[in-house]
Amino acid sequence: MATASPSVFLLMVNGQVESAQFPEYDDLYCKYCFVYGQDWAPTAGLEEGISQITSKSQDVRQALVWNFPIDVTFKSTNPYGWPQIVLSVYGPDVFGNDVVRGYGAVHVPFSPGRHKRTIPMFVPESTSKLQKFTSWFMGRRPEYTDPKVVAQGEGREDENAEAEIPRSTWVSLCPSPAWLMLPFCPQ
Amino acid sequence: MAEVHVIGQIIGASGFSESSLFCKWGIHTGAAWKLLSGVREGQTQVDTPQIGDMAYWSHPIDLHFATKGLQGWPRLHFQVWSQDSFGRCQLAGYGFCHVPSSPGTHQLACPTWRPLGSWREQLARAFVGGGPQLLHGDTIYSGADRYRLHTAAGGTVHLEIGLLLRNFDRYGVEC
């Protein structure tokens, strides 16, 4: 019989936001943050970060490379609320304002080892055509006040129109095997 | 009690003739299952692909069940709808798939179907929109009374689901 007290386990996440493909935009930077349930708490490392601004490579790949490190350890007693990494990408528009180019979220992988994730990104879109034009013109596009909303399931039906731009942001997340101890049997 | 964690996301949908899609999803379990944390159903945002034809939702799913029996293993069911620029919604497909039963991460592709009506209704749907819908949502995930339906194929819903099981060995179930 398991002990009466809840068992604590650690989840160590090492990795990077590697690169992105945005065919239409250039000079982008990204921000990451983690969203997790109530039973989770970060114990080490940074749970938020802002990357450098990167430009597209001149070669055929047209890659936007950040190579931005992610290093965080969580502790928890319950897999419910498994952490998700939320990425927001920003860049300048034609008038020079800083606008959001995409939001995306993915769960941290469940099993130890090396994982590569490609995250599609999307931007919120206004439903009215006039609002779309004025927001393009004024450089004040629809934006989330808190990007963590992207990692939540409730309330999405109120987001009436989303323009999706399937970008790929390669995120390699490799939890180090020595630290991932789970009382459950994932394999 | 044995516990099951279903953690993952509804990635998106592909192969639908309509764009601007959203998905209403739900999970159905047997009577012996109890939902400890998480929401049992939800609705994604509407997504309009700019490049390619796959609509991406990345809608997170995080559920924690406790159960006393294997009967009624959870089934995810979906209704994919399209929304036009006037805000009208039209059914694009129904689909369901069982939650996997082995621990780990799984990529699932769930095919969908939509009911066809008479030739008049099909003609009306092509011009005006609308079309027949199911009265009872449980036909999506149950086999009873399906013989009455005549349906056409829709696109595919893509999911990535991770599964964690606990205490199943105590009940003699190997996982």
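Look a little higher up for the structure.
Predicted model only: the values in this text are computed from it and were never measured. (Residues numbered from 1 in each chain as written. Chains lettered and ligands numbered in written order. Predicted model: local features only at pLDDT ≥ 70, side-chain atom pairs only at ≥ 80, totals over all residues. Heavy atoms only, no water.)

## A short note on a nonpolar patch on the surface
Here's step 1: There is a patch of nonpolar side chains on the surface, built from Val94, Phe95, Phe133, Trp136, Phe137 and Met138 of chain A and spanning about 680 Å² of accessible area.
Here's step 2: Among the secondary structure elements, valine 94 of chain A is positioned in the loop between strand E6 (84-92) and strand E7 (98-107). (Patch = residues over 30% accessible without salt bridge, like charges linked within 9 Å, V, L, I, M, F, W, Y side chains within 5 Å. Areas by Shrake-Rupley, 256 points an atom, 1.4 Å probe, with all protein chains shown as cover. Salt bridge = Lys/Arg side-chain N within 4 Å of Asp/Glu carboxyl O. Helix = DSSP H or I, 4+ residues; strand = E, 2+ residues; numbered from the N terminus.)

## Examining the side chain of glutamine 90 of chain B
All names here are of chain B.
Here's step 1: With respect to the element layout, glutamine 90 can be found in strand E8 (residues 89-98).
Here's step 2: Since its relative accessible area comes to 17%, glutamine 90 is described here as buried.
Here's step 3: At 3.1 Å, the side chain of glutamine 90 and the backbone nitrogen of glycine 130 are in polar contact.
Here's step 4: Glutamine 90 has contacts with Glu18, Trp81, Ser82, Arg125, Gly129 and Gly130, leaving out every residue within four places of it along the chain. (Buried < 20%, exposed > 50% of the residue type's maximum accessible area, 1.4 Å probe, protein only. Polar contact = N/O pair within 3.5 Å; in protein donor to acceptor, adjacent residues only side chain to side chain. Contact = heavy atoms within 4.5 Å.)

## Topic: unusual backbone geometry
Residues and elements named next belong to chain B.
Here's step 1: Its identity is not glycine, yet serine 58 carries a phi of approximately 50°, on the positive side.
Here's step 2: Within the element layout of this structure, serine 58 appears in strand E6 (residues 55-67).
Here's step 3: The phi angle at asparagine 167 is positive, at roughly 65°, despite the residue not being glycine.
Here's step 4: Mapping asparagine 167 onto the fold places it in the segment after strand E10 (151-166).

## A look at the pairing of strand E1 (residues 2-14) of chain B
Residue and element names in this part refer to chain B.
Here's step 1: For E1, the buried fraction is high: 13 of the 13 residues fall into the buried class.
Here's step 2: Here 11 bridges tie E1 to E6, and the two strands are oriented antiparallel to one another. Following the sheet pairing, isoleucine 7 is matched in E6 by aspartate 62.
Here's step 3: As paired elements, E1 and E10 share 11 bridges and run antiparallel to each other. Across the sheet, alanine 13 pairs through a bridge with valine 157, a residue of E10. (Pairing = 2+ DSSP bridges.)

## Regarding the nonpolar core
Here's step 1: If you look at the biggest cluster of nonpolar residues, it comprises 31 residues, and the most contacted ones within it are Val4, Leu76 and Phe78 of chain B.
Here's step 2: At the level of secondary structure, the elements contributing two or more residues to this core comprise E1, strand E2 (21-28), E6, strand E7 (75-83), E8, strand E9 (104-115) and E10 of chain B.
Here's step 3: Not counting residues up to four positions away in its chain, the partners in contact with leucine 76 of chain B are Trp25, Gly26, Ile27, Ile61, Gly95, Phe96, Cys97, Val99, Leu159 and Ile161 of chain B.
Here's step 4: Counting residues in hydrophobic clusters, the runner-up holds 29 residues, among them Phe9, Val17, Phe22 and Cys30 of chain A. (Core = buried A, V, L, I, M, F, W, Y, C linked by side-chain atoms within 4.5 Å.)

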